[in-house]
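Below, each chain spelled out in residue letters.
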There are 2 protein chains.
Amino acid sequence: MAKKTKEEALATRTAILDAAIDIFYENGVTGACLENIAERAGVTRGAIYWHFRNKLDIFEALHERLDLSIMDTILKDLENNHPDPLQQLENLCVALLADIENDLSKHKILSVFLVKCDYSGDMAVFLDRQHASKLKSIALFSRYFERARQQHHLDDNTDPHTLTLSLSFFLTGIVHEHLRDPALCNLDHQAPRFMRQFFKGVYRRST
Amino acid sequence: MAKKTKEEALATRTAILDAAIDIFYENGVTGACLENIAERAGVTRGAIYWHFRNKLDIFEALHERLDLSIMDTILKDLENNHPDPLQQLENLCVALLADIENDLSKHKILSVFLVKCDYSGDMAVFLDRQHASKLKSIALFSRYFERARQQHHLDDNTDPHTLTLSLSFFLTGIVHEHLRDPALCNLDHQAPRFMRQFFKGVYRRST
DNA sequence: ATAGATACATACATCCACGTATGTATAATG
DNA sequence: CATTATACATACGTGGATGTATGTATCTAT
């Protein structure tokens, strides 16, 4: 068999990752075997062991893909200076949720991470990793609330930390429930309602 | 080896289930092998295969344990007729969350269900099962909101279904995040704050 | 009391997935 | 243009978990 050019090698690498998403999605992380991933990618296990050390290494690579994507979305949104930061954040959350419904690849990866993955043993390290990126997104969310506080859109007795965590919990819950049972609610349509319900309790009460 | 009396047989059965919780918690569901469970329970795999058909059968038995426990708590609480149903529900949620922090066994089982389990292949059926019990708890939650609506504690334009689902999402998110990273927040102490944040957006706005 | 059912322990066969070692044809490099 | 590193494919050895088959001692029932 022929050695490929560097571009082709990178192509097989991403082909392996794409195949891994599918196989993980179908069989779960622990249930997926490298043979199936290789087959789906049109290569052999040899190719996988060339590009990755083992299954966990593949999983880690998928992690980076998603993390960077989400962070990117939030950071770009933060560059805008919407006159109403709370409304801006609400819109962002709706957009993030709708994206999960519409972007099939993202939907699959999140499904793997949240319902088709067993975080024990060697996989436990990824909990720390996810925790780290969670803290990052929380830090970004708090920037919105900080802007809102400066514009006196928040009650004075609202604890920003509690607020930020609550939003994170709410989003997490929506995503989890939706991935576990996509029929429960359509995020594309109903995300605005849920976010509206949450933000009703955020705005300052009229005095 | 001696045949046990019926009582003793039941005792080994629960011993196997108790051991399964520990082993599942330590190694994950797919990572756990029956040999380890048997060892922890002080029996051999023979005993397990006598009481259960396979690993999934054990998992199913653990399911019933937890489901019944939670439903019981809510149903008993619903028997009380608190003058402020929203306050009652808020208190109930706080109690449910605190219980997760304090009841080690419950904490372990939930950890297994939500972060140490891979719902694919044969395990996928349990998503339906969890969905069913989720619908049940949602139905119970909506009873509180119905009472609140009758007492005009809710805004007229509040959609009860959205509200109930939102609460369910919020609780789910808190539990998930907490189990994935217990250090993120202490439920025993902070659950009241989070639930307060949520219910702030539920009560009717003063006109 | 004894015959059968019960509650396991032990032993066996099987298979799948993993990691590694090796082979090899081609790109990259000087 | 020769050499070396690359990018895989193929082949091999290994172990661990599973399900089942069988053995057996005691409880239970008549």
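None of these values were measured; they are calculated from a predicted model.

Caption draft 1: Local environment of the overall build of chain A. Tallying secondary structure elements over chain A gives 9 helices and 1 strand in all. Tracing chain A from N to C terminus, the helices and strands come up as α-α-α-α-α-α-β-α-α-α. With respect to the principal axes defined by its C-alpha atoms, chain A has extents near 75 × 35 × 30 Å. The proportion of buried residues among the 207 residues of chain A is 34%.

Caption draft 2: Expanded view of the relation of the copies chain A and chain B. The two copies are related by a screw motion: chain A maps onto chain B through a turn of 180° and a shift of 0.0 Å along the axis, at an RMSD of 0.1 Å. In short, the pair behaves as if placed about a two-fold rotation axis. Both copies contact each other with a shared surface, as 100% of the interface residues of chain A are interface residues in chain B too.

Caption draft 3: Region of interest: the nonpolar core. Counting 105 residues, the largest nonpolar core has A:Ile37 and B:Ile37 as its most contacted members. Beyond its immediate chain neighbours, meaning those up to four positions away, A:Ile37 contacts A:Ile16, A:Ala19, A:Ala20, A:Ile23, A:Ala32 and A:Ile48.

Caption draft 4: Focus on the packing of helix H4 (residues 55-79) of chain A against helix H7 (residues 125-150) of chain A. Residues and elements named next belong to chain A. Relative to each other, H4 and H7 sit at 5°, their axes nearing to 10 Å. When the axis of H4 is compared with that of H7, the two are roughly parallel. Counting all contacts with H4, which are made through Phe59, His63, Asp67, Ile70, Met71, Ile74 and Leu78, the residues of H7 involved are Phe126, Arg129, Ser133, Lys136, Ser137, Leu140 and Arg143. Across the contact of H4 with H7, the residue classes break down as 7 nonpolar, 3 polar and 4 charged.

Caption draft 5: Highlighting the interface of chain A and chain B. Listed as interface residues are 38 residues of chain A and, on the opposing side, 38 residues of chain B. Per-element accounting of the side of chain A that touches chain B gives the leading share, 14 residues, to helix H8 (residues 160-180) of chain A. As defined by bridge partners, strand S1 (residues 116-118) of chain A adjoins strand S1 (residues 116-118) of chain B across 3 bridges and the pair is classed as antiparallel. Note on S1(B): the bridge partner recorded for A:Lys116 is B:Asp118.

Caption draft 6: Summary view of the packing of helix H5 (residues 85-102) of chain B against helix H7 (residues 125-150) of chain B. Residues and elements named next belong to chain B. Packing of H5 against H7 leaves a shortest axis separation of 8 Å and a crossing angle of 155°. Viewed along their axes, H5 and H7 adopt a mutual orientation that is roughly antiparallel. Contacts between H5 and H7 involve Pro85, Leu86, Gln88 and Leu89 from the first element and Phe141, Tyr144, Arg147 and Ala148 from the second.

Caption draft 7: Seen up close, unusual backbone geometry. Unusually for a residue other than glycine, A:His152 sits at a positive phi of about 60°. Take A:His152: it is sitting in the loop between H7 and H8.

Caption draft 8: How the structure looks around the environment of A:Arg13. Residues and elements named next belong to chain A. Relative to the assigned elements, arginine 13 resides in helix H1 (residues 6-27). Residue classification places arginine 13 among the partly exposed residues on the basis of 18 C-beta atoms within 10 Å. It is 8.9 Å that separates the C-alpha atoms of arginine 13 and phenylalanine 52, two residues lying 39 residues apart in sequence.

Caption draft 9: View of H7(A). Residue and element names in this part refer to chain A. For H7, with 26 residues, the first-to-last C-alpha span of 38 Å sits near the 38 Å given by 1.5 Å per residue. Turning to H7, its buried residues number three or more, namely Phe141, Tyr144, Phe145 and Ala148. Looking at the buried positions of H7, the neighbouring elements they touch are helix H5 (85-102) and H8. Downstream of H7 by one or two residues, histidine 152 has phi in the positive range, about 60°.

Caption draft 10: Representation of the environment of B:Ile58. All names here are of chain B. Mapped onto the elements, isoleucine 58 comes out in helix H4 (residues 55-79). The class for isoleucine 58 is buried, based on 24 C-beta atoms found within 10 Å. Not counting residues within four places of it along the chain, the set of residues in contact with isoleucine 58 comprises Leu17, Ala20 and Phe52.

Caption draft 11: How the structure looks around the environment of A:Met195. Residue and element names in this part refer to chain A. Among the secondary structure elements, methionine 195 is positioned in helix H9 (residues 187-200). Judged by the 24 C-beta atoms lying within 10 Å of it, methionine 195 falls in the buried class. The spacing of methionine 195 and phenylalanine 170 is 25 residues in sequence and 8.8 Å in space, taken between C-alpha atoms. Those residues in contact with methionine 195 that sit more than four places away from it in its chain are Glu90, Cys93 and Val94.

Here is what the cut-offs are and how they apply
- Residues numbered from 1 in each chain as written.
- Chains lettered and ligands numbered in written order.
- Predicted model: local features only at pLDDT ≥ 70, side-chain atom pairs only at ≥ 80, totals over all residues.
- Helix = DSSP H or I, 4+ residues; strand = E, 2+ residues; numbered from the N terminus.
- Buried ≥ 20, exposed ≤ 12 C-beta atoms within 10 Å, placed from the backbone.
- Least-squares fit on C-alpha atoms with pLDDT ≥ 70 in both.
- Contact = placed C-beta atoms within 7 Å.
- Core = buried A, V, L, I, M, F, W, Y, C linked by C-beta atoms within 7 Å.
- Axes fitted to C-alpha atoms, helices over the stretch in contact; angles between N-to-C directions.
- Parallel < 35°, antiparallel > 145°, perpendicular 65-115°, else oblique.
- Nonpolar A, V, L, I, M, F, W, Y, C, P; charged D, E, K, R; others polar.
- Pairing = 2+ DSSP bridges.
- Expected span 1.5 Å × (residues − 1).

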